[in-house]
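# Examining the three-dimensional arrangement
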Amino acid sequence: MRVELSDEARRLVALFEDEAAVTVRDCVVDEEHDQVVYLVKRGEMADAIGPGGQTVERVEERLGREVKLVEAAETAEDFVANALAPAAVYNVTVSENDDTVAYVEVAQEDRGAAIGREGRNIDAARQLAKRHFEIDGIELT
């Protein structure tokens, strides 16, 4: 699936790629939660974060908003699990009936991390999963 980026998203991708020297596959500007979500090429997450999180901190300072990183994945199940990090995801099952829904098994103590403050993590995961795997919803179990 081809994702179309706005001019602002393209500018933000260039900024992050210059700062981190990684490949960004997608960028979501989340105005509601005042954050920018970057989808980073698989295998490049450590470089994207930087030593002690320094790269993310520098980009957050430049943007004046929070940055969330998600590592790309080959399968919808792995993608959804990555998008809900830092929560520990035990299992993801994608069901295709009328809608395509990812059912995610998360430990009770990690539900808060999966959802995020004001729903920011699960909202970002839903948006990215829709864009890249045509998943209509994510439900925590």
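Given the structure is predicted, the values throughout are model-derived calculations rather than measurements.

Another point: the side chain of Asp-110. Among the structural elements, Asp-110 can be located in the loop between β5 (100–106) and α5 (111–115). We note that Asp-110 is buried and unpaired, the nearest opposite charge coming from Arg-111 at a distance of 10 Å. In this structure Asp-110 touches Ala-87 and Ala-88, once residues within four positions along its chain are discounted.

On to the UniProt feature "domain: NusA-like second KH" (unreviewed entry) in the protein, then. Under the present numbering, the feature "domain: NusA-like second KH" (unreviewed entry) in UniProt falls on residues 77–138. Helix makes up 42% of residues 77–138 and strand makes up 27%, while its end C-alpha atoms are separated by 11 Å.

Attention now moves to the packing of aromatic side chains. The tally for this structure, following the rule as stated, stands at 2 aromatic pairs. Between Phe-16 and Tyr-38 the ring centres are 4.5 Å apart and the planes differ by 25 degrees, which places this aromatic pair in the stacked class. Within this pair, whereas Phe-16 is found in helix α1 (residues 7–20), its partner Tyr-38 is found in strand β2 (residues 35–40), the two being separated by 22 residues in sequence. You can call Phe-16 buried: its relative accessible area is 0%. Judged by its relative accessible area of 0%, Tyr-38 is buried.

Right, let's talk about the layout of surface pockets for a bit. A volume near 170 Å³ is recorded for the largest pocket. Looking at the largest pocket, the residues that line it are Gln-35, Glu-66, Val-67, Lys-68, Leu-69, Ala-85, Pro-86, Arg-120 and Asn-121. Every element with two or more residues in the lining of the largest pocket is listed here: β3 (66–71) and α6 (120–133). In terms of residues, the lining of the largest pocket owes the most to one element, β3, which gives 4 residues. Across the lining of the largest pocket, the residue classes break down as 4 nonpolar, 2 polar and 3 charged. Here the lining of the largest pocket gathers at least three residues from each of two domains, domain 1 (7–71) and domain 2 (76–140).

Rules used throughout
Residues numbered from 1 in each chain as written. Predicted model: local features only at pLDDT ≥ 70, side-chain atom pairs only at ≥ 80, totals over all residues. Heavy atoms only, no water. Helix = DSSP H or I, 4+ residues; strand = E, 2+ residues; numbered from the N terminus. Buried < 20%, exposed > 50% of the residue type's maximum accessible area, 1.4 Å probe, protein only. Lys, Arg positive; Asp, Glu negative; His and termini not counted. Salt bridge = Lys/Arg side-chain N within 4 Å of Asp/Glu carboxyl O. Contact = heavy atoms within 4.5 Å. UniProt positions renumbered as here; feature names shortened; annotations may be inferred. Phe/Tyr/Trp six-rings, centres within 6.5 Å; stacked < 30°, edge-to-face > 60°. 1 Å grid on protein atoms, 1.4 Å probe; cavity = no way out; pocket = protein on both sides within 12 Å on 5 of 7 lines; lining within 4 Å. Points joined across faces, edges and corners; volume = space filled by probe spheres on them. Nonpolar A, V, L, I, M, F, W, Y, C, P; charged D, E, K, R; others polar. Domains from an automatic or database assignment.

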